[in-house]
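If you want the building blocks of each chain, they are given just below.
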Amino acid sequence: MIRSGIGYDSHRFSPDRPLILGGQRIPHGLGLLGHSDADVVTHAVIDAILGAAAAGDIGALFPDTDPAWKGADSLNLLHRACLHVQSLGFTPMQADVTIITEMPKLGPYLDAMAAALAREMGLTPKRVSVKAKTNEGMGFVGRGEGMVALAVATVEEHR
């Protein structure tokens, strides 16, 4: 059986942090504020995979109240989430991600993000898509206050 899940994440910009997206360090004057490395792209993929397996969400698996996850590398969290869903009888099949931000321009980094996500999911890069869009100046994203990522992932059940 093939199952799908949807993931969403958003974080505020912060001047005191690096910008990490899909495991890539992106040159920008602002990073994202969060308990881990605040990688909205990877967090959305984690939630999509967990959702597809009906296995909760990132906050349940890696709570921000646990100091073990303070400053954590989100690619490592993705790897752990994939191992978790595999232990429940599911195999990740693909992921599709949309990043919504006004700045910075992300085109040069999208392939590297997809490759990094695919590697942690045990997939070929052709099975992971990462795209970037603007919010046309609307809302908190449009005002440059933060960033959003949406993801869809499919898993195959082996029960």
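Just so you know, these numbers come straight off a predicted model, no measurement behind them.

A.B. asks: Describe helix α1 (residues 40-52), and please don't skip the residues or the numbers.
C.D. replies: The end-to-end C-alpha distance of α1 is 18 Å, a good match for the 18 Å that 13 residues give at a rise of 1.5 Å each. The buried count for α1 comes to 12 of 13 residues, which makes it a mostly enclosed element. Among all positions in α1, only V40, V41, T42, H43, A44, V45, I46, D47, A48, I49, L50 and A52 are buried. At the N-terminal boundary of α1, the capping side chain belongs to D39, with an oxygen 3.2 Å from the backbone nitrogen of V41. Positive phi appears at A54, one or two residues downstream of α1, with a value of about 50 degrees.

A.B. asks: Describe in detail the packing of helix α3 (residues 74-87) against helix α4 (residues 110-121), supporting the description with residues and values.
C.D. replies: Where α3 meets α4, the axes come as close as 8 Å, and the angle between the chain directions of the two elements is 35 degrees. The crossing of α3 and α4 is right-handed. Residues L75, L78, H79 and C82 of α3 lie in contact with α4, whose contacting residues are A116, L117, R119, E120 and M121. Its residues assigned to classes, the contact of α3 with α4 shows 6 nonpolar, 1 polar and 2 charged.

A.B. asks: Any chance you could break down a nonpolar patch on the surface for me, citing the residues and the numbers?
C.D. replies: Together, Y8, F140 and L150 make up an exposed nonpolar region whose accessible area comes to about 260 Å². Take Y8: it is sitting in strand β1 (residues 2-14).

A.B. asks: For the pairing of strand β5 (residues 90-100), give the residues involved together with the corresponding values.
C.D. replies: With 10 bridges joining them, β5 and strand β7 (residues 146-157) adopt antiparallel strand pairing. By the bridge assignment for β7, T91 is matched with E156. Assessed by its sense of winding, the connection that carries the chain from β5 through α4 to strand β6 (residues 128-133) is right-handed.

A.B. asks: Please provide a residue-by-residue account of the layout of surface pockets, values included.
C.D. replies: The volume enclosed by the largest pocket comes to roughly 250 Å³. Every residue lining the largest pocket is counted, 13 residues in all, and those nearest its centre are H35, H43, I58, F62 and D64. Of all the elements in the fold, those that place two or more residues in the lining of the largest pocket are β1 and α2 (58-61). Counted by class, the lining of the largest pocket contains 5 nonpolar, 6 polar and 2 charged residues.

A.B. asks: Report on the sheet that holds strand β4 (residues 31-32), specifying residues and quantitative values.
C.D. replies: The strand order β4-β1-β7-β5-β6 describes an open sheet built from 5 strands, whose pairing is mixed. Across the chains shown, the open sheet's two edge strands, defined by having one partner strand only, are β4 and β6. Pairing between β1 and β4: 2 bridges, direction antiparallel. What sits directly across from S14, in β4, is G31.

The rules we used
Residues numbered from 1 in each chain as written. Predicted model: local features only at pLDDT ≥ 70, side-chain atom pairs only at ≥ 80, totals over all residues. Heavy atoms only, no water. Helix = DSSP H or I, 4+ residues; strand = E, 2+ residues; numbered from the N terminus. Expected span 1.5 Å × (residues − 1). Buried < 20%, exposed > 50% of the residue type's maximum accessible area, 1.4 Å probe, protein only. Polar contact = N/O pair within 3.5 Å; in protein donor to acceptor, adjacent residues only side chain to side chain. Axes fitted to C-alpha atoms, helices over the stretch in contact; angles between N-to-C directions. Left-handed = near helix turned anticlockwise from the far one by under 90°. Contact = heavy atoms within 4.5 Å. Nonpolar A, V, L, I, M, F, W, Y, C, P; charged D, E, K, R; others polar. Patch = residues over 30% accessible without salt bridge, like charges linked within 9 Å, V, L, I, M, F, W, Y side chains within 5 Å. Areas by Shrake-Rupley, 256 points an atom, 1.4 Å probe, with all protein chains shown as cover. Salt bridge = Lys/Arg side-chain N within 4 Å of Asp/Glu carboxyl O. Pairing = 2+ DSSP bridges. Right-handed = clockwise from strand over helix to strand, strands pointing away. 1 Å grid on protein atoms, 1.4 Å probe; cavity = no way out; pocket = protein on both sides within 12 Å on 5 of 7 lines; lining within 4 Å. Points joined across faces, edges and corners; volume = space filled by probe spheres on them.

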